[in-house]
Amino acid sequence: MLIEYKKLFKNKNFYLSVCALILLVVIAVVIGVKEHNEEYQLTERIYSQYYEEEIVEDVLIFISPHKHWLGFTNNLASELYYLLFPLLISIALIDSIYRERKSGYLLFTFMRMDRRKYYIAKIATTFLTAFFMFVLPLCLGVVLVNLFTNHWDYTAYANIYKGFVEGTLAIPDNAISVFKGDIQPLFSDLLSISPYLYVAVFYIIGGLFASAYVCLGLALSIFIKNYYLLILMPQIIYTSLWFFGTNNPKWVPFFFLAPEGIHGDNSISIMVVEFLMQISLTIVIYVIGMRKYEDVL
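Keep in mind the model is a prediction, meaning the values are calculated, not measured. (Residues numbered from 1 in each chain as written. Predicted model: local features only at pLDDT ≥ 70, side-chain atom pairs only at ≥ 80, totals over all residues. Heavy atoms only, no water.)

Novice: I would appreciate a short explanation of the overall build of the protein chain in the present structure.
Specialist: For the protein chain, the count of helices and strands is 14 helices and zero strands. If you list the helices and strands of the protein chain from N to C, you get α-α-α-α-α-α-α-α-α-α-α-α-α-α. Each of the three principal axes of the protein chain carries a C-alpha extent, and together these read 80 × 35 × 30 Å. Put simply, the protein chain has 297 residues, and 49% of those count as buried. (Helix = DSSP H or I, 4+ residues; strand = E, 2+ residues; numbered from the N terminus. Buried < 20%, exposed > 50% of the residue type's maximum accessible area, 1.4 Å probe, protein only.)

Novice: Any chance you could explain helix α4 (residues 76-93) here in plain terms?
Specialist: What sets the pattern is the α-helix's 3.6 residues per turn: residues three or four places apart point alike. Here α4 contains 18 residues, and its C-alpha end-to-end distance of 25 Å stays within 8% of the 26 Å for a straight helix at 1.5 Å per residue. At Leu 84, α4 shows its maximal kink, close to 65 degrees; a proline, Pro 86, follows between one and four residues later. Counting buried positions along α4 yields 14 of 18 residues, so the element is predominantly enclosed. Structurally, the start of α4 carries an N-cap: the backbone nitrogen of Ala 77 is 3.2 Å from a side-chain oxygen of Asn 75. (Expected span 1.5 Å × (residues − 1). Bend = angle between axes of the 7 residues up to and from the residue. Polar contact = N/O pair within 3.5 Å; in protein donor to acceptor, adjacent residues only side chain to side chain.)

Novice: Sorry if this is basic, but what is going on with the packing of helix α11 (residues 195-220) against helix α12 (residues 227-244) here?
Specialist: Between two packed helices, both the angle of their axes relative to each other and the distance between the axes serve to describe the pair. Closest axis-to-axis distance for the α11/α12 pair is 9 Å, and the angle between their directions is 130 degrees. Between α11 and α12, the interaxial angle falls into the category oblique. For the pair α11 and α12, the crossing hand works out as right-handed. Here Tyr 213, Leu 216, Gly 217 and Leu 220 of α11 come into contact with α12, specifically with Leu 230, Met 233, Pro 234, Ile 237, Tyr 238 and Leu 241. (Axes fitted to C-alpha atoms, helices over the stretch in contact; angles between N-to-C directions. Parallel < 35°, antiparallel > 145°, perpendicular 65-115°, else oblique. Left-handed = near helix turned anticlockwise from the far one by under 90°. Contact = heavy atoms within 4.5 Å.)

Novice: Could you clarify how one ought to interpret the nonpolar core in this entry?
Specialist: One broad rule of soluble globular proteins: the nonpolar side chains tend to lie buried together. The biggest cluster of nonpolar side chains holds 58 residues, and the ones touching the most others in it are Tyr 81, Tyr 82, Ile 89 and Phe 134. If you list the elements that add at least two residues to this core, you get α2 (12-47), α4, α7 (115-149), α8 (155-166), α10 (188-193), α11, α13 (253-256) and α14 (268-296). By residue number, the principal contributor to this core is α11, which donates 10 residues. Ignoring anything within four residues of it in the chain, the contact list for Tyr 82 reads Leu 70, Gly 71, Phe 134, Leu 138, Tyr 203, Tyr 238, Phe 254, Leu 257, Ala 258 and Pro 259. In terms of nonpolar packing, the next biggest core, distinct from the first, is built from 21 residues, Tyr 119, Leu 216, Ile 224 and Ile 231 among them. (Core = buried A, V, L, I, M, F, W, Y, C linked by side-chain atoms within 4.5 Å.)

Novice: I keep staring at the packing of aromatic side chains and nothing clicks. Help me out?
Specialist: Two measures describe an aromatic ring pair: the distance that separates the ring centres and the angle between the ring planes. Scanning the entire structure with this criterion turns up 28 aromatic pairs. Where Tyr 98 meets Tyr 227, the ring centres are 5.7 Å apart and the plane angle is 50 degrees; that geometry is what we call tilted. Of this pair, Tyr 98 sits in helix α5 (residues 96-103) while Tyr 227 sits in helix α12, and the two are 129 residues apart along the sequence. Classification of Tyr 227 by relative accessible area gives partly exposed; the value is 24%. Ring centres of Phe 187 and Phe 202 lie 5.5 Å apart, and the angle between their planes is 80 degrees; this geometry places the pair in the edge-to-face category. Pair noted here: Phe 187 is in the loop between α9 (173-179) and α10 and Phe 202 is in helix α11, with a separation of 15 residues, a long-range link. Accessibility expressed as a relative area gives 24% for Phe 187, which makes it partly exposed. Pairwise contacts between aromatic rings join Trp 69, Phe 72, Tyr 154, Phe 187, Tyr 196, Tyr 198 and Phe 202 into one cluster. (Phe/Tyr/Trp six-rings, centres within 6.5 Å; stacked < 30°, edge-to-face > 60°.)

Novice: For this particular structure, what's the right way to read the state of the cysteines?
Specialist: What is meant by a disulfide is a covalent connection between two cysteines, made through their sulfur atoms. The full count for this structure, using the stated rule, is zero disulfides. The cysteine Cys 19 is free of any disulfide, with Cys 139 supplying the nearest cysteine sulfur at 18 Å. No disulfide involves Cys 215; its sulfur sits 20 Å from the nearest other cysteine sulfur, which is in Cys 139. Judged by relative accessible area, Cys 215 falls into the buried class, the value being 1%. (Disulfide = S-S within 2.5 Å.)

Novice: Would you take a moment to explain the side chain of His 66 for this structure?
Specialist: Of note, His 66 is situated in the loop between α3 (53-62) and α4. Not counting the four nearest positions on each side in its chain, His 66 is found in contact with Phe 72, Tyr 154, Tyr 157, Leu 191 and Pro 195.

Novice: How do you make sense of the environment of Tyr 238 when you look at a structure like this?
Specialist: Its location among the elements puts Tyr 238 in helix α12. For the pair Tyr 238 and Pro 86, spaced 152 residues apart in the sequence, the C-alpha separation amounts to 7.4 Å. Discounting residues that sit within four places of it in the chain, Tyr 238 has contacts with Tyr 82, Leu 83, Phe 85, Pro 86, Tyr 213, Pro 253 and Phe 254. There is a polar contact of 2.6 Å between the side chain of Tyr 238 and the backbone oxygen of Tyr 82.

This is the structure in structure tokens:
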């Protein structure tokens, strides 16, 4: 794996992908912080005219900066991150077998080492790298939002969210209707403990799916000879699921990977099944590919 990482760090496309992901994060943070400040000031001005200070403070806790972490907010840059991550990560990782096959280095490698070790090293490196390429920019977004809003402790929000879910929170009826969308259909108990814990689970799930998509594309690179089709393949698969799952969004990763939880019928079992299906398909394609080159040699 060390050799694979040395190759990766010499690849200019790796840095291009990282810069693109970070750029989307920075744009999303700038938009999110601006929206948070405007919403906070507007809410404070409206509620302070009609309610006591204690009630206003409880309502303002709902105007939490964490709602503008990527995946929570629906601003354009955040949506693009969750829409284009298969393509942006694939640019860096998916063509390694393709390049080595085209240059003849692949056959030379098979003469020196077992092909199984070669493919295992490739898929392990790709899986881990894709995971961190997806997760780390999102973590950077969390840090930047907290930094620009000077808000790091979300204990108050977790406590008031728990009371809101249990129906024990004394806030105006109009506020209840406004913030009813805060109740998350999946992992709600984690949000009542800490937004950090809640978002960490979703970011990890997203990272696993990012790894699955890129590894599937890497497996297909054994057979695909067109470079541009190869780079686009994970994105094509990802968006195809979106297109064909329009009438059943609970099966569409774009809708269930983000912490926002916009669909109430999201299910952890669906996530597990879909992830295992992708991994199984990747393994099957890899096995077929290894046999193909076994026949060649």
